[in-house]
Amino acid sequence: MSQTKRWVPVVVVAALICLVGFCIVLMLGGQSLVQRLASEPSLTQWFERALALSESSGIGLSVPPLPSGKLVLRLPGGDPPTLDPQLSGDSTSAEYIVEIFSGLVTFDRELNLVPDLAERWEVDASGTRYTFFLRQGVTFHDGKPVRAQDFKWSFERACDPQTRSITADTYLGDILGCRDKLRGQADQVKGVEVLDDFTLRITIDQPRVYFLSKMSFPAAFVLDRENVERGGRTWMASPNGTGPFKLAELRPGERIVLERNERYYREPKPLVERVEFVLAGGSAMVMYEQGALDMTPVGLNDIERVSDPLNPLNRELVPVESLGVYYIEMNTRQPPFDDVKVRQAFNHALDRERIINLVYKKTRKVAWGVIPPSMPHYSNPELKPLRFDLERARQLIAESKYGDVTEFPDITFHVLGAGGVTGRLIEAIVASYRENLGVELHVQQTDWATYLRDLNDPNNTNQMWGGEAGWIADYPDPHNFLDVLFRCNSRQNHSFYCNPEVDQLLDQAAVEQDPQVRESLYRRVEQMVINDAPWVPLFFDVQYWLVKPYVKNAWLPPMVTPKFQYYSLER
């Protein structure tokens, strides 16, 4: 999830360095990464208005927080740019959305695709017609029954151009009629049909082995029409979802509280009563050590001491090899990155192994390719990366249409931040290009919501961005990286990279039923992408969490998926 989308719901390393100690991710995703923020108020503004209105009228939108006790799980969190499943594309938003809402399918703890609101499904002989049989007796949080008509309306809303979801094209575009409606060429999504209250039929354009996985993405979640339409722009202040938890409280910049859904329909049913996300309050590590948090990610400043076997905290350390990749992305439409030789030179000029090992103290794996090594059923041992080779980098620039770096336009490097000191990774990247190529990068910091807005602007003129932002898988398949991020017309292809031969191979892989043949096609695509160099891959993400011993069954998945229903507390 845009890292992600399922851009997607990449955990951003910059946030690990911050005092609050929580993580952000991009994921296109995949689960990589998008919001409607250009001309609308931010989610924070919406909630502030809604809260102000409720306080002035004496009606509370939130319930008073219970004292943190035996059945309350406390951890750091981040402010979500949105809680609308059809607008989300970043991992920060998705962390909450997947707990509040749900869809036809989901993933279990082994990352197997399993039924969710659908009890089962059938696929016809053509491989294009899916019939979903919904669970009976399932309700929204307020007790209203969930029907197939609710899914029909939700898909129609997602594919409505007025919704302005830029994840709908990527994750729902295979459904007949979705893209027609997105382009204003149809009034409805003809590929979604209601057969009866509990039977939904979805028809796609051609057989696609990954289609069911896409249905796990938030854009495919079911919404309560009355909740959305009556709530207007602030409906997300009180969402009526179907997930294992309900939104009990949202105080932007302070806390988010999720409350157990007593009506939840699927096993395991949540055991913890509440999950409290702390959005402020100082150092998360200090709060954890003082007992104010039950779990927390570990930042770079603390990783060495908690990794020491003699430190008592070491017994509580849990490393997680995520399906996430961080990178520098270059706009292939903007000078000087409109020349492939310049992009290749920027790959060769960066000593990634040295930088990543120094900055991250050997806690991250250097990325030479696109797909994380922990991706199930995929490997690319023969990948030929663009390794550090300063002589080759300078030669490529001399061979480019610019001839010399003095002919480059000024280059602005867009990164996450609030106008303060940049992270060590960004500093190292800027210093390396200055020293190795004689190129001065002008760093521009923006907040997460603005970063996403600019990134997903179809007229994006940024030249270069990333470093401490990336993509985390929306579903565990190479398609979520290679097809979603590098297909010519993909809305998650922010570099505007386009290679017709790559698209042709992606088309073949999309319908290939033989897993080994499909894997070989994706290997070829990955090599071609590396050669064409729209990215400078930096590292594959590994997260480090501290978890108190009384937190049982703590599942820290390698991608964004519902998890808190598995947790229990034994204080």
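You'll find the structure just up there.
Heads up: these notes are all about the structure in this document. (Residues numbered from 1 in each chain as written. Predicted model: local features only at pLDDT ≥ 70, side-chain atom pairs only at ≥ 80, totals over all residues. Heavy atoms only, no water.)

1. Observations concerning the nonpolar core
Counting 109 residues, the largest nonpolar core has Phe 155, Leu 172, Ile 175, Ile 202 and Tyr 567 as its most contacted members. In terms of residues, this core owes the most to one element, helix α18 (residues 515–532), which gives 6 residues. In contact with Ile 175, other than residues within four places in its own chain, are Phe 155, Val 189, Gly 191, Val 192, Ile 202, Thr 203, Ile 204, Phe 211 and Met 215. Counting residues in each nonpolar core, the second largest holds 39 residues, with Leu 350, Val 366, Val 439 and Leu 441 among its members. (Core = buried A, V, L, I, M, F, W, Y, C linked by side-chain atoms within 4.5 Å. Buried < 20%, exposed > 50% of the residue type's maximum accessible area, 1.4 Å probe, protein only. Helix = DSSP H or I, 4+ residues; strand = E, 2+ residues; numbered from the N terminus. Contact = heavy atoms within 4.5 Å.)

2. Brief notes about the environment of Glu 122
Position of Glu 122 relative to the elements: it lies in strand β4 (residues 118–123). Overall, Glu 122 belongs to the partly exposed group, its relative accessible area being 44%. With 79 residues separating them along the chain, Glu 122 and Arg 201 place their C-alpha atoms 9.5 Å apart. Among residues more than four places away in sequence, those in contact with Glu 122 are Arg 129, Tyr 130, Thr 131 and Phe 133. Looking at Glu 122, its side chain comes within polar contact range of the side chain of Arg 120, at 3.1 Å. (Polar contact = N/O pair within 3.5 Å; in protein donor to acceptor, adjacent residues only side chain to side chain.)

3. With respect to the environment of Tyr 475
Looking at the secondary structure, you find Tyr 475 in the loop between β16 (464–472) and α16 (479–486). In sequence terms Tyr 475 and Tyr 210 are 265 residues apart; their C-alpha atoms lie 9.0 Å from each other. The residues contacting Tyr 475, other than those within four sequence positions of it, are Phe 107, Tyr 171, Ser 213, Lys 214, Ser 216, Asn 480, Val 484 and Met 559. A distance of 2.7 Å separates the side chain of Tyr 475 from the side chain of His 479, its partner in a polar contact.

4. Remarks on the pairing of strand β15 (residues 441–446)
Bridge analysis of strand β14 (residues 411–416) against β15 gives 6 bridges, and the strand direction is parallel. Paired with Leu 416 across the bridge in β15 is Thr 446. As a crossover connection, the stretch from β14 through helix α14 (residues 424–437) into β15 is right-handed. (Pairing = 2+ DSSP bridges. Right-handed = clockwise from strand over helix to strand, strands pointing away.)

5. Digging into the sheet that holds strand β5 (residues 129–134)
Across the sheet, 4 strands lie side by side as β4-β5-β7-β6; this open sheet has antiparallel pairing. For this open sheet the edge positions go to β4 and β6 (192–196), each flanked by a neighbour on one side alone. Geometrically, the sheet is characterised by an average inter-axis angle of 25° between neighbouring strands, direction not taken into account. Summarising the sheet, β4 and β5 pair through 5 bridges and their orientation is antiparallel. Bridge pairing in β5 links Ala 118 to Leu 134. (Axes fitted to C-alpha atoms, helices over the stretch in contact; angles between N-to-C directions.)

6. Some words on the pattern of salt bridges
Evaluated as defined, the whole model comprises 36 salt bridges. Across the pair Lys 563 and Glu 95 runs a salt bridge whose closest N-O atoms are separated by 2.7 Å. Remark: Glu 95 occurs in helix α3 (residues 91–100) and Lys 563 occurs in the loop between β18 (551–552) and β19 (568–569); sequence separation between them is 468 residues. Of the residues examined, Lys 563 reaches a relative accessible area of 8% and is grouped as buried. For the salt bridge of Arg 434 with Glu 440, the shortest nitrogen-to-oxygen distance reads 2.8 Å. (Salt bridge = Lys/Arg side-chain N within 4 Å of Asp/Glu carboxyl O.)

7. Details of the side chain of Thr 446
You can see Thr 446 is positioned in strand β15. Ignoring anything within four residues of it in the chain, the contact list for Thr 446 reads Val 415, Leu 416, Gly 417 and Tyr 451.

8. Things to note about the sheet that holds strand β10 (residues 274–278)
Strand order in the open sheet made by the 4 strands is β1-β10-β9-β8, with mixed pairing throughout. Lying at the two open borders of the sheet, with one neighbouring strand each, are β1 (72–76) and β8 (245–251). Each adjacent strand pair in this sheet contributes to an overall mean axis angle of 15°, direction not counted. Where β1 meets β10, 5 bridges bridge the pair, whose relative direction is parallel. By the bridge assignment for β10, Pro 76 is matched with Val 278.

9. Observations regarding the state of the cysteines
Evaluated as defined, the whole model comprises 2 disulfides. Linked covalently through their sulfurs, Cys 159 and Cys 178 form a disulfide whose S-S length is 2.3 Å. Measuring the twist about the S-S bond at about -90°, one finds the Cys 159-Cys 178 disulfide to be left-handed. Within this pair, whereas Cys 159 is found in the loop between α4 (148–158) and α5 (168–172), its partner Cys 178 is found in helix α6 (residues 178–182), the two being separated by 19 residues in sequence. Paired through a disulfide, Cys 488 and Cys 498 show a sulfur-sulfur distance of 2.0 Å. Handedness here is read from the sign of the S-S torsion; for Cys 488 and Cys 498, about 90°, the answer is right-handed. Pair noted here: Cys 488 is in the loop between α16 and α17 (500–511) and Cys 498 is in the loop between α16 and α17, with a separation of 10 residues, a long-range link. The buried category is assigned to Cys 488, whose relative accessible area is 16%. In the protein chain, numbering the disulfide-bonded cysteines from first to last in sequence yields the connectivity 1-2, 3-4. (Disulfide = S-S within 2.5 Å.)

10. With respect to the packing of aromatic side chains
All chains considered together, the criterion is met by 19 aromatic pairs. Summarising the aromatic geometry, the rings of Tyr 326 and Phe 539 are spaced 4.7 Å apart at their centres and angled 5° between planes, so their arrangement reads as stacked. Pair noted here: Tyr 326 is in strand β12 (residues 317–330) and Phe 539 is in strand β17 (residues 535–547), with a separation of 213 residues, a long-range link. What makes Phe 539 buried here is its relative accessible area of 0%. A ring pair is formed by Phe 486 and Tyr 497, whose centres lie 6.1 Å apart and whose planes are at 85°; its orientation type is edge-to-face. With Phe 486 in helix α16 and Tyr 497 in the loop between α16 and α17, the pair connects residues that are 11 residues apart, well separated along the chain. What makes Phe 486 buried here is its relative accessible area of 0%. When its relative accessible area of 3% is taken as the criterion, Tyr 497 is described as buried. (Phe/Tyr/Trp six-rings, centres within 6.5 Å; stacked < 30°, edge-to-face > 60°.)

11. Quick look at the pairing of β6
In the sheet, β6 pairs with strand β7 (residues 199–203) via 4 bridges, with the strands oriented antiparallel. Residue pairing in the sheet places Val 194 in a bridge with Leu 200 of β7. Counting the residues in the hairpin turn of β6 and β7 gives 2 residues.

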